[in-house]
Amino acid sequence: MTAELQRNADLGPLSTFRLPARAAELAVLDDVADLPRLLDTERELLLLGGGSNTLFVGDPAGRVVLNRLLGRRFHDLDADRVLVEAAAGEDWHKLVEDAVARGLWGLENLTLIPGSVGAAPMQNIGAYGVELADLLDAVEVFDRATGQTGWIGVADCALGYRTSRFKNEDRYVLLAVRLVLTRSAGPRLDYPALAEALTGRSPAELRPADVANAVMGIRRSKLPDPALRPNAGSFFKNPVVDAARADELLARNPELPCWEIDGRRKLSAAWMIDRLGWRGRSIGGARVYDRHALVLTNDGSATGADVLALARAIRDSVGERFGVTLEPEPRLVGGAL
Ligand code: EPU
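Read on for a plain summary of the structure. Computed from a predicted structure; not experimentally measured.

Points about the pairing of strand β10 (residues 136-143)
Where burial is concerned, most of β10 is hidden: 7 out of the 8 residues are buried. Direction of pairing for β10 relative to strand β12 (residues 172-182): antiparallel, over a ladder of 7 bridges. When the bridges of β12 are listed, F142 appears paired with V173. Bridge count between β10 and strand β11 (residues 148-153): 6 bridges; the pairing is antiparallel. What sits directly across from F142, in β11, is T149.

Side note on the packing of aromatic side chains
Counted by the stated rule, this structure contains 4 aromatic pairs. Taking the centre distance of 6.0 Å and the plane angle of 80 degrees together, the rings of F166 and Y172 count as edge-to-face. For the pair shown, F166 and Y172 are each scored as buried. Between the NZ or CZ atom of R102 and the centre of the ring of F74, over which it lies, the distance is 3.7 Å.

Section: the pattern of salt bridges
If charged atoms from side chains of opposite charge come close, those side chains can pair. Considering all chains together, one arrives at 24 salt bridges under this definition. Between D98 and R102 there is a salt bridge, with its nearest N and O atoms 2.8 Å apart. Taking relative accessible area as the criterion, R102 reaches 45% and is therefore assigned partly exposed. Linking E329 and R162 is a salt bridge whose minimum nitrogen-to-oxygen distance equals 3.2 Å. Of this pair, E329 sits in the loop between α9 (304-322) and β20 (331-333) while R162 sits in the loop between β11 and α4 (165-168), and the two are 167 residues apart along the sequence.

Concerning the sheet that holds strand β15 (residues 258-261)
Spatially, 3 strands are ordered β14-β16-β15 in an open sheet, and the strand pairing comes out antiparallel. The two strands at the open ends of the sheet, each matched to only one other strand, are β14 (240-241) and β15. Sheet analysis places β15 next to strand β16 (residues 264-267), joined by 4 bridges and oriented antiparallel. Of the residues in β16, the one forming a bridge with E260 is R265. The sheet strands contacting helix α7 (residues 243-252) are β14, β15 and β16, and the helix crosses β16 at an angle near 45 degrees.

What counts as what
- Residues numbered from 1 in each chain as written.
- Predicted model: local features only at pLDDT ≥ 70, side-chain atom pairs only at ≥ 80, totals over all residues.
- Heavy atoms only, no water.
- Buried < 20%, exposed > 50% of the residue type's maximum accessible area, 1.4 Å probe, protein only.
- Helix = DSSP H or I, 4+ residues; strand = E, 2+ residues; numbered from the N terminus.
- Pairing = 2+ DSSP bridges.
- Phe/Tyr/Trp six-rings, centres within 6.5 Å; stacked < 30°, edge-to-face > 60°.
- Lys NZ or Arg CZ within 6 Å of the ring centre and 35° of its normal.
- Salt bridge = Lys/Arg side-chain N within 4 Å of Asp/Glu carboxyl O.
- Contact = heavy atoms within 4.5 Å.
- Axes fitted to C-alpha atoms, helices over the stretch in contact; angles between N-to-C directions.

What follows is the structure, encoded as structure tokens:
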């Protein structure tokens, strides 16, 4: 039995950035049958998963529902393909570990990403040359408009760079995802540092675990462990501009990393922030991680106001120097940039 409402609940430990915040009401969802009752409120609703992509820069207005729906199963589709169904409250990294341990290809580049399975389609998580869209088959949702539960196929999820229809529409509660993995696909080594980490190994000999281990090594060398240094991964998205704008910027900044994306250009926010000398700088308890300029961390005493002040200062300086507007990558609750 869940669905008991906790009043004036502490949200600090429920988000990996660990900013101080309180919820007027907090409920844990671990049985889908409780959903209609939990959603039946006049108050504003906020669905929370692993809390790795949500920053409480202030208190949320109404009821917070923690998605803790559990369960995962693997099902052979044929000799090669395996269908994986995982509930939204499952830990993403544990799912990846499970798939990798079974020798399945598909999720190994997405290892060690903090957060829950339900957050993955929300922002189409991606890392080291792979994104969820490459593997996703369908998402199970509860539709608040109709009160019905059903599956939405990947083609109708509007997945893009760190976005989906679920991020932009408040209508659906994510219940589960379905992925297709394979026994034969082989490694995806497009990300140069990953290929470099596996130099000397023949791709034909590599197992999913080898790639996952290499990705873990890269992540640990660049990104802070949220358990030791609270953070929410990349704080800003890499800005996407049209080709003409990118060419102008590249003429003046030939080293600016830039990638093609759907006919447009994605620019490295980390490089621009780094170039302006932000690495290691702080406001109050909020700090730019000294090994990666795109990550903000909480020294332990950060408030929402500290994070907003630091993020605004970074955004404004990048805007002045490079003429591009940085947008936050995680969801900011209780305030805006
Ligand atoms: N760079 C700098 N200074 C830094 C850090 C990086 O100049 O302090 C340069 C690097 O040299 C590199 C470029 O910036 O040329 C890009 O850096 P990196 O490869 O680390 O990737 P990113 O664009 O900063 C994105 C994702 C990460 C993901 C990595 C690897 C976004 C917003 N972030 O970061 O995802 O792990 O690529 O694929 O797209 C996240 O979303 O929370 C996240 C960590």
